[in-house]
Amino acid sequence: MTNVIEAEDVRRSYAGGFEAVTGITFSVAPGEIFALLGTNGAGKTSTVELLEGLARPSGGTVRVLGHDPYAERSAVRPRIGVMLQEGGFPSDLTVAETVRMWAGCTTGARPAGEALEMVGLSARSRVRVKQLSGGEKRRLDLALALLGRPEVLFLDEPSTGLDAEGRRDTWQLVRELRDGGTTVLLTTHYLEEAEALADRLAIMHRGRIVTAGTPTEVTASRPARIRFVLPVGVPAGRLPLSLRAAATGRAVEIRTHALQDALGELLLWAREGGVRLEGLDARSASLEEAFLDIARDDVRNETVGV
């Protein structure tokens, strides 16, 4: 199988004619972590629900493991795991009872103790669900998604509510699952999470995919930046014009697609002029900056009527 997930010109409309997904195309290869990102209301959840087989697309085609996940749900459902944003488990059951109950509805379920060990909840197995913290409930959600040894794992905001240690542990588990052959599609608002985990990603905005590729490819389309503060008495006008520097008082920012060249020119100028650059910080564009630029571009286009 070339691709585990395939979406071709997929659309999803709701009552009243609102189109939440406006014709998107992407694919996910076997053993790949693919992140679907987007602003609030971008259409991420609407898209993932189609992939999970919870609804039929209004247009286009969706295939998961070679099947239509809605029309051929019985062929797909036993082979996938789904971690929703909120599980909604019976609050008076213990953690172990909840896992055993779920295992009874899962084909080929792994032992409850194994699932809890994977997510670091073994010590909390006798605690009632209502006594768990928000982060622990997210770990329980993940344990249940992993019960059936899924070939494809859908993770909707997997680290929401987790502390820094829990988030890192979850990331490591997701990587281990990927390395073991599981294909993972995740949505997240933590751009650091997407940057750390995703082999490839797509950013959605207003129902369409506006950019896609590896994290490096997506960020490479955005300029790097150099920031520093000039000493008193050294005006920004003395900087080389080729650097296209923007200054606010003594604070200077340079944006460039050739970071090494621009930084080298700046440092040479500073050395020759005996200028000390305070707080010098040079870095490539981050996924967060690329994401925010997409949102700002849309606002600017609306303002000018594009």
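All values derive from a computational prediction rather than experimental measurement.

A. Spatial organisation of the overall build of the protein chain. For the protein chain, the count of helices and strands is ten helices and 13 strands. When its C-alpha atoms are laid out on the principal axes, the protein chain stretches across 75 × 45 × 35 Å. When each of the 306 residues of the protein chain is scored for burial, the buried share is 44%. If you take every contact in the protein chain between residues at least 6 apart in sequence, the share linking residues at least 24 apart comes to 68%. A gap of 3 Å separates the mean positions of the 37 positive and 41 negative side-chain charges of the protein chain.

B. Spotlight on the sheet that holds strand β4 (residues 59–64). With respect to topology, three strands assemble into an open sheet ordered β2-β1-β4, the strand pairing being antiparallel. The sheet terminates laterally at β2 (19–28) and β4, the two strands that pair on one side only. Sheet twist, expressed as the mean angle between neighbouring strand axes with direction ignored, is 20°.

C. Broad picture of the side chain of Arg167. Tracing the chain through its elements places Arg167 in helix α6 (residues 164–179). For the buried residue Arg167, which engages in no salt bridge, the nearest side chain bearing the opposite charge is Glu193, 5.0 Å off. Here the side chain of Arg167 touches Tyr190 through a polar contact of 3.5 Å, side chain to side chain. Apart from residues no more than four positions distant in its own chain, Arg167 is found in contact with Ser159, Leu162, Tyr190 and Glu193.

D. Summary view of the pattern of salt bridges. The full count for this structure, using the stated rule, is 18 salt bridges. Residues Glu278 and Arg250 are paired through a salt bridge, measuring 3.5 Å at the closest nitrogen-oxygen approach. Note that Glu278 is positioned in strand β13 (residues 278–283) and Arg250 in the loop between β11 (246–248) and β12 (251–256), a separation of 28 residues in sequence. With a relative accessible area of 37%, Arg250 lands in the partly exposed category.

E. Representation of the confidence of the model for the protein chain. Within the protein chain, residue pLDDT values average 91, and 96% of them lie at 70 or more. Confidence drops under pLDDT 50 across residues 302–306; counting only partners more than four residues distant or on other chains, this segment forms two contacts.

F. Quick look at the packing of aromatic side chains. Per the stated rule, a full pass over the model turns up two aromatic pairs. Between Phe26 and Phe34, the aromatic rings sit 5.3 Å apart at their centres with planes inclined by 10°, giving stacked as the arrangement. Side by side, Phe26 and Phe34 carry an identical accessibility label, which is buried. With a centroid separation of 6.3 Å and an interplanar angle of 80°, the aromatic rings of Phe89 and Trp102 are classed as edge-to-face. Of this pair, Phe89 sits in the loop between β5 (80–83) and α3 (95–103) while Trp102 sits in helix α3, and the two are 13 residues apart along the sequence. Residue Phe89 is classed as buried on the basis of its relative accessible area of 18%. Here Trp102 falls in the partly exposed class, since its relative accessible area comes to 35%. Across the ring face of Tyr190, the terminal group of Arg167 is positioned such that the distance to the ring centre comes to 4.4 Å.

G. Spotlight on the pairing of strand β7 (residues 183–187). Burial analysis of β7 places five of its five residues in the buried class, which makes it a mostly covered element. Because side chains alternate across β7, one face comprises the buried residues Thr183, Leu185 and Thr187, and the other comprises Val184 and Leu186, equally buried. Here strand β3 (residues 33–38) runs beside β7; their pairing, made up of four bridges, is parallel. Looking across to β7, one finds that Leu36 is bridged to Thr187. Pairing between strand β6 (residues 152–156) and β7: five bridges, direction parallel.

H. Main features of unusual backbone geometry. A positive phi angle, close to 55°, is found at Leu65, a residue other than glycine. Here Leu65 is to be found in the loop between β4 and α2 (73–76). Owing to a relative accessible area of 6%, Leu65 belongs among the buried residues under this scheme. Positive phi, close to 55°, is recorded for Glu157, a residue that is not glycine. Tracing the backbone shows Glu157 in the loop between β6 and α6.

I. Representation of the side chain of Thr187 within the structure. Its place among the elements puts Thr187 in strand β7. Take Thr187: its relative accessible area is 3%, and that puts it in the buried class. There is a polar contact of 2.5 Å between the side chain of Thr187 and the side chain of Asp156. The contacts of Thr187, once residues within four sequence positions are left out, are Leu36, Lys44, Val48, Leu155, Asp156, Glu157 and Pro158.

What counts, and where the lines are drawn
Residues numbered from 1 in each chain as written. Predicted model: local features only at pLDDT ≥ 70, side-chain atom pairs only at ≥ 80, totals over all residues. Heavy atoms only, no water. Helix = DSSP H or I, 4+ residues; strand = E, 2+ residues; numbered from the N terminus. Buried < 20%, exposed > 50% of the residue type's maximum accessible area, 1.4 Å probe, protein only. Contact = heavy atoms within 4.5 Å. Lys, Arg positive; Asp, Glu negative; His and termini not counted. Charge placed at Lys NZ, Arg CZ, Asp CG, Glu CD. Pairing = 2+ DSSP bridges. Axes fitted to C-alpha atoms, helices over the stretch in contact; angles between N-to-C directions. Salt bridge = Lys/Arg side-chain N within 4 Å of Asp/Glu carboxyl O. Polar contact = N/O pair within 3.5 Å; in protein donor to acceptor, adjacent residues only side chain to side chain. pLDDT = per-residue confidence, 0-100. Phe/Tyr/Trp six-rings, centres within 6.5 Å; stacked < 30°, edge-to-face > 60°. Lys NZ or Arg CZ within 6 Å of the ring centre and 35° of its normal.

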